[in-house]
Amino acid sequence: MSDPNPDIQPVKKEDTTPKPQNSIESLNSILTFQVQDLIDRRIDKAEGQLHEYNQNDLKRLSNKYVIWAIIATIFAVLEPLAGYFVVPQWIREYIQERMTKPELIKVAKNTVNRQMSEFVEEKINPLKADADELSKKIEMINSEIVAKQRDIESAQKLLKEQLDIQQLVVAAKAGERGKYKELKNIAAKQSEYKEIVVAALKDIEFYYETIKYQQAIPRLRDCISMMNPGYSVEEVVDSYRNSDVKLDMREAAIDTLIDYCKEGKIKENVIQELCESVDIEQNLRVIARTTLLLNYLTGKLFRSLEIDAVREWWKQNRNETRYQSPYKNYFKSLEYFYTSGITKDNIKQVTGFLDETIRLEPNAIHARCLRGYIMIILGKYDEAEKEFKIVEGRNKDFRWLLLYKSLLFACQNKINEAADLLNQALAKSPSLDITAKALAEKYSEYKNVIEKENVKWPSDKQ
């Protein structure tokens, strides 16, 4: 490139501006790799622009200060590469001011902000829109899931309630009064199952109305021979009212009472026990059979599960003497026989219970046998014989008569007669062997009887 004014020669003056020491090393310590790259690219661009300026603009510039400014700018940009050029102090200060770390950070931030805005508009905003759309879809799906869960929970609740009703119906037909009562409570309330439960209750009532005429289980019987040993009425009534829950002989007892009613062995004085039982009995099968017996004894028609009707009828007729039970004191006496035993402290009281029972019901043969046994304990053999004679007039094969009379003969030293009566008692009811051996432990006279070789014990037949 030729100089447009060859006559004009710049005067070379010695630059008195203090040169910074190690300027290249100072800039290198400040500039990062990215800034260095930016400078390189701008140097290339500046060189191209300077070439064009030399061809055009410098022709029009005659002011030497302008020329010096352009040359100084070139030298300032190229200083990292050619530190030996002479640059005026004010240019150096301008460069150093613009190339400081805060200024570079500011430039970088401006660049990032400008380009990030474009990046956000081009890249991030579409992603955000997609994310928003996805969020809406997820929210919609969650709402659908919640709705489905509610539907499932509602269906599960519905199924559970239906299953509960079915279980209540099955349990009620199995005899559980408590479950039957639960169904009645449900039917009394307004619910979507009301009609179903009412229908189920009718079905249960029809069911019991049918089975109350059928024998469900065997009658009362001896636990060894499995035969009826000839129970007295008061014994059967006691099993009906007071049988242990574990033994649960009430159903067999009510069936036995129905048989006795057909045979004419019971009277109206059992009605009190029947009505009181219906009010508290928890076995619906027992209740159904009891209402049948009440039909026979009262002449009034009670449906199988008309508990309220029975309660109301008894409330109106409880003062009828013929319906009142003679067996309450008999039950009290049995508590002593089966628990604490007969002692000198309670024997008088127990005797009084038995006397009252016999007064109200002279045909209470088991009560008479127990009274005869107490007379043996007291040594009143004549009174014992008197009681046993009355029992013989009603049932000479009654098992308790045979057993206690055997004890009486033993006390009267009639061993052979006693052994013969014991064999008859064991033949009638093999389970009496336990009672007979227990009597032998209390009375030495009876021990001689059970040790006789001709006594036939149930265990010998097995």
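Above this note sits the structure.
Residues numbered from 1 in each chain as written. Predicted model: local features only at pLDDT ≥ 70, side-chain atom pairs only at ≥ 80, totals over all residues. Heavy atoms only, no water.

Turning next to the overall build of the protein. A count of helical and extended segments in the protein gives 21 helices and zero strands. When the 462 residues of the protein are sorted by exposure, 37% land in the buried category. A separation of at least 24 residues holds for 63% of the contacts in the protein among residues at least 6 apart in sequence. Accessible surface, the protein as shown: approximately 29100 Å² in total, 52% of it carbon and sulfur. (Helix = DSSP H or I, 4+ residues; strand = E, 2+ residues; numbered from the N terminus. Buried < 20%, exposed > 50% of the residue type's maximum accessible area, 1.4 Å probe, protein only. Contact = heavy atoms within 4.5 Å. Areas by Shrake-Rupley, 256 points an atom, 1.4 Å probe, with all protein chains shown as cover.)

The terminal C-alpha atoms of helix H16 (residues 365–377) lie 19 Å apart, and with 13 residues this matches the ideal 18 Å at 1.5 Å per residue to within 8%. In terms of burial, H16 is a largely internal element, 12 of the 13 residues being buried. Looking at H16, one finds that the buried residues are Ile365, His366, Ala367, Arg368, Cys369, Leu370, Arg371, Gly372, Tyr373, Ile374, Met375 and Ile376. Of the surrounding elements, those touching the buried residues of H16 are helix H9 (233–242), helix H14 (328–340), helix H15 (347–360), helix H17 (381–394), helix H18 (399–411) and helix H20 (433–442). At the C-terminal side of H16, glycine 379 shows a positive phi close to 80 degrees. (Expected span 1.5 Å × (residues − 1).)

Of note in this structure, methionine 226 is not a glycine but carries a positive phi near 60 degrees. Among the secondary structure elements, methionine 226 is positioned in the loop between helix H8 (194–211) and H9. Take methionine 226: its relative accessible area is 38%, and that puts it in the partly exposed class. Positive phi, close to 60 degrees, is recorded for asparagine 413, a residue that is not glycine. Assignment of secondary structure puts asparagine 413 in the loop between H18 and helix H19 (415–428). Assessed through its relative accessible area of 63%, asparagine 413 is described here as exposed.

Turning our eyes to something else, we now look at the pattern of salt bridges. Pairing is possible between side chains of opposite charge, provided their charged atoms come close. For the structure on display, the rule yields 25 salt bridges. Close ionic contact of glutamate 235 with arginine 399 constitutes a salt bridge, the shortest N to O distance being 2.6 Å. Placement of glutamate 235 in helix H9 and of arginine 399 in helix H18 is noted, with a sequence separation of 164 residues between them. Across the pair, arginine 399 and glutamate 235 agree in class, each one buried. Connected through salt bridges with shared partners, the residues Asp355, Arg368, Arg371, Glu383 and Glu387 form a single ionic network. (Salt bridge = Lys/Arg side-chain N within 4 Å of Asp/Glu carboxyl O.)

We classify glutamate 235 as buried; its relative accessible area is 10%. Looking at glutamate 235, its side chain comes within polar contact range of the main-chain nitrogen of serine 232, at 3.0 Å. Those residues within four positions of glutamate 235 in sequence are excluded, and the remaining contacts are Tyr330, His366, Phe398, Arg399 and Trp400. (Polar contact = N/O pair within 3.5 Å; in protein donor to acceptor, adjacent residues only side chain to side chain.)

Let's shift gears to the nonpolar core. Core analysis: the largest hydrophobic core is formed by 97 residues, its most contacted members being Leu183, Ile266, Leu293, Leu403, Leu422 and Tyr446. Broken down by element, the residue count for this core peaks at 10 residues, all from H18. In this view, leucine 293 contacts Ile254, Leu257, Ile258, Cys261, Ile266 and Leu274; residues no more than four positions away in its chain are not counted. (Core = buried A, V, L, I, M, F, W, Y, C linked by side-chain atoms within 4.5 Å.)

Our focus in this paragraph is the packing of aromatic side chains. One pass over the full model with this rule turns up eight aromatic pairs. With a centroid separation of 5.4 Å and 50 degrees between ring planes, the pair formed by tryptophan 313 and tyrosine 323 is classed as tilted. Here tryptophan 313 is found in helix H13 (residues 307–317), whereas its partner tyrosine 323 is found in the loop between H13 and H14, with 10 residues between them in sequence. Neither residue differs from the other here; tryptophan 313 and tyrosine 323 are each classed as buried. On the basis of an interplanar angle of 20 degrees and a centroid distance of 5.6 Å, the ring pair of tryptophan 400 and tyrosine 404 is categorised as stacked. In this pair, tryptophan 400 and tyrosine 404 both sit in helix H18, four residues apart, roughly one turn of the helix. No difference in accessibility class separates tryptophan 400 from tyrosine 404, as the two residues are buried. Three or more aromatic residues joined by ring pairs form one cluster here, namely Phe337, Tyr373, Trp400 and Tyr404. One residue, lysine 265, lies across the ring of tyrosine 260, its end atom 4.8 Å from the ring centre. (Phe/Tyr/Trp six-rings, centres within 6.5 Å; stacked < 30°, edge-to-face > 60°. Lys NZ or Arg CZ within 6 Å of the ring centre and 35° of its normal.)

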